[in-house]
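Summary of the model geometry
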Amino acid sequence: MDMAMTRKRRNPSIYVIGVASFVSMSGYSADVTFTPSVDVGLVFTDNVDREPDKTASFITTIGAGLKADILATEGYLNFDYQIRQLLYSDSSDRDDLYNDLDFVAEKGIAHSGFFVDANASIQNVAKSLDDDAAADIFSGNTVENQRGEIGFGFRSNPLSQIDLESRVFTRVSRSGDRIGDYNGYGASVSFANGQSIKDVFWQIDASYDYKKGREDEIGDTRYTALSETLGLQTIYGFSPLMRLNYENLEGSSDLNSRKTVSWGPGVRYFWHKRSYAELSYNFSEDDVNPDFWAGSLNFNPTPRTRLYLEYGKRFFGDAYEFLFSHRNRRVTNTVSYTEEPVSFDRTNFTVGDRPEDITLVRLLDWTSTLDLRRSQYSFSLFGRQEEALTVFSENQDERSYGTRISGNHNLTRRFKINGAYEYATYDFDRLDGSNQNDDYHTFDIGGVYQHLKKLTSSFGYRYSTRQSSSSIYEYDENRFYYDLKMSF
């Protein structure tokens, strides 16, 4: 990696300008909170390279940050930026400066329904999942990924006759190693009946997403989708309807492109206005799928509980979607399963991937939290499968799944302890037969102590291990850390 080139692009001033611009637009009615901070810390690791042959190192960390939260009559802004310098005892060649940013903002325009929005992020992600999926800035096996997006849109009042939301956007993504860089733009429209319409219902969703690789790289992708439902509306009983679905993927080659079109009649049965079951018969107008039955179930007895199931056919054949969410005073549960095409995804890159290729991603996510008076516990489980849509992709199938269990407990008003265990496994199936399997285990235990109102210490121990089908990737690491942070 050309570190000089990488550092040259690390300029946070554009985001600071964005904060100042939003403050000026928000007017005097804005509720503004700024929280600058500085911190210094020390990390000891007995395996800084995360290799079978261990090298120990003390790492000094010097950091600064700024958090801003702005809530205005017609908008909001959340800004969280951290910069951190790492200094290594074993070799100054490792010393580097790292950035982390999370920025999102939206501003309405004169109560007209029109709005502008923006979001940006800077993340240090693993250079490749098959090299080390658990890489972090202390191991150094990461790359900085910068993303930004600006949009302009319109929202109507859903209580009237129509419920309309539309948006156009432009975006850019850059990585320190230039892999997966792209410029792009797109648009989305959601058009439905408003709550004052009692006799019919309709839902039309359309989107377009274009991504183009850097000028010196080949590859662009286009994804267009349209779904339409129109029917007679009832609060209880049967409601006839018509459906139309269209998807068009245009990749870097014909073998990476798909298009499907289907339409047909159906019926919904409503238990009440938020819960229904649907069945439809769809005529396929393409060469991908035959005519097919499709169905869905939406069970929403209260605003705090929802179950949604859907089956149909898309450009890849049988398609499923699932969502379950429930919350009460102490427990929150969310389980979801989605299937979507993805391109130029730098955060899940593996050696041999061509980022401009479209891959089908199947994603399962389950998150549960328990909030008690002095404690909080969480459980999460994930599963991810990536299927190549072209026979020329080296990585034909990638699968990963894992779980994380964590908890924290307030021993006193000033002292909190925390712990976590995480397991993840990754399987990579390749055309050349050199398949790879990796298993990661991580155990954390630590604490946070508040010395003064704005002065806190955090400290802890982490043990990480990796077993792999390739012995050169195996390692285990013991890490201790201490950090002192002052907020202003």
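Refer to the structure printed above.
Fair warning: this is a prediction, and the values are worked out from it, not measured in the lab.

What to know about the pairing of strand E18 (residues 359-371)
Sheet analysis places strand E17 (residues 331-342) next to E18, joined by 12 bridges and oriented antiparallel. Each bridged residue has a counterpart across the sheet, and for Thr332 the counterpart in E18 is Thr369. Sheet analysis places E18 next to strand E19 (residues 375-388), joined by 13 bridges and oriented antiparallel. Directly across from Leu364, in E19, lies its bridge partner Gly383.

Some thoughts on a nonpolar patch on the surface
Where nonpolar side chains cluster on the molecular surface, the patch consists of Phe238, Val267, Tyr269, Trp271, Leu279, Trp293 and Phe299 and spans about 740 Å² of accessible area. At the level of elements, strand E12 (258-272) and strand E14 (292-302) are the ones that each hand at least two residues to the nonpolar patch. Considering every element that reaches the nonpolar patch, the biggest residue donor is E12, with 3 residues. Considering the arrangement of structural elements, one finds Phe299 in strand E14.

Section: the packing of aromatic side chains
On inspection of all chains with the given rule, the structure shows 23 aromatic pairs. Judged by centre distance (5.8 Å) and plane angle (10°), the rings of Phe114 and Phe152 are stacked. Here Phe114, found in strand E5 (residues 114-126), pairs with Phe152, found in strand E6 (residues 142-155); they are 38 residues apart in sequence, far enough to count as distant. Plain terms: the ring middles of Tyr426 and Phe428 are 6.4 Å apart, the flat faces sit at 10° to each other, and that makes the pair stacked. One residue, Arg268, lies across the ring of Tyr276, its end atom 4.2 Å from the ring centre.

Remarks on unusual backbone geometry
Phi is positive for Arg178, which is not a glycine, with a value near 70°. When you line up the elements, Arg178 lands in the loop between strand E7 (162-175) and strand E8 (182-193). Residues other than glycine seldom take positive phi values, yet Phe344 does so here, at roughly 55°. The class for Phe344 is buried, based on a relative accessible area of 7%.

Notes on the pattern of salt bridges
Under the counting rule described, the total for this entry stands at 33 salt bridges. Of the charged contacts, one joins Glu387 and Arg362 as a salt bridge, the two residues approaching to 2.9 Å between their closest N and O atoms. Of this pair, Glu387 sits in strand E19 while Arg362 sits in strand E18, placing them 25 residues apart in sequence. You can call Glu387 partly exposed: its relative accessible area is 31%. Through salt bridges with shared partners, a single ionic network connects Arg50, Asp132, Asp136, Glu477 and Arg479.

Quick look at the side chain of Arg171
Structurally, Arg171 can be placed in strand E7. Classification of Arg171 as buried rests on a relative accessible area of 17%. A distance of 3.5 Å separates polar atoms of two side chains, one belonging to Arg171 and the other to Glu149. Engagement of the side chain of Arg171 in a polar contact is seen with the side chain of Asp209, the distance being 2.5 Å. In contact with Arg171, other than residues within four places in its own chain, are Gly148, Glu149, Tyr182, Asn183, Gly184, Asp209 and Lys211.

Parameters and conventions
Residues numbered from 1 in each chain as written. Predicted model: local features only at pLDDT ≥ 70, side-chain atom pairs only at ≥ 80, totals over all residues. Heavy atoms only, no water. Pairing = 2+ DSSP bridges. Helix = DSSP H or I, 4+ residues; strand = E, 2+ residues; numbered from the N terminus. Patch = residues over 30% accessible without salt bridge, like charges linked within 9 Å, V, L, I, M, F, W, Y side chains within 5 Å. Areas by Shrake-Rupley, 256 points an atom, 1.4 Å probe, with all protein chains shown as cover. Salt bridge = Lys/Arg side-chain N within 4 Å of Asp/Glu carboxyl O. Phe/Tyr/Trp six-rings, centres within 6.5 Å; stacked < 30°, edge-to-face > 60°. Lys NZ or Arg CZ within 6 Å of the ring centre and 35° of its normal. Buried < 20%, exposed > 50% of the residue type's maximum accessible area, 1.4 Å probe, protein only. Polar contact = N/O pair within 3.5 Å; in protein donor to acceptor, adjacent residues only side chain to side chain. Contact = heavy atoms within 4.5 Å.

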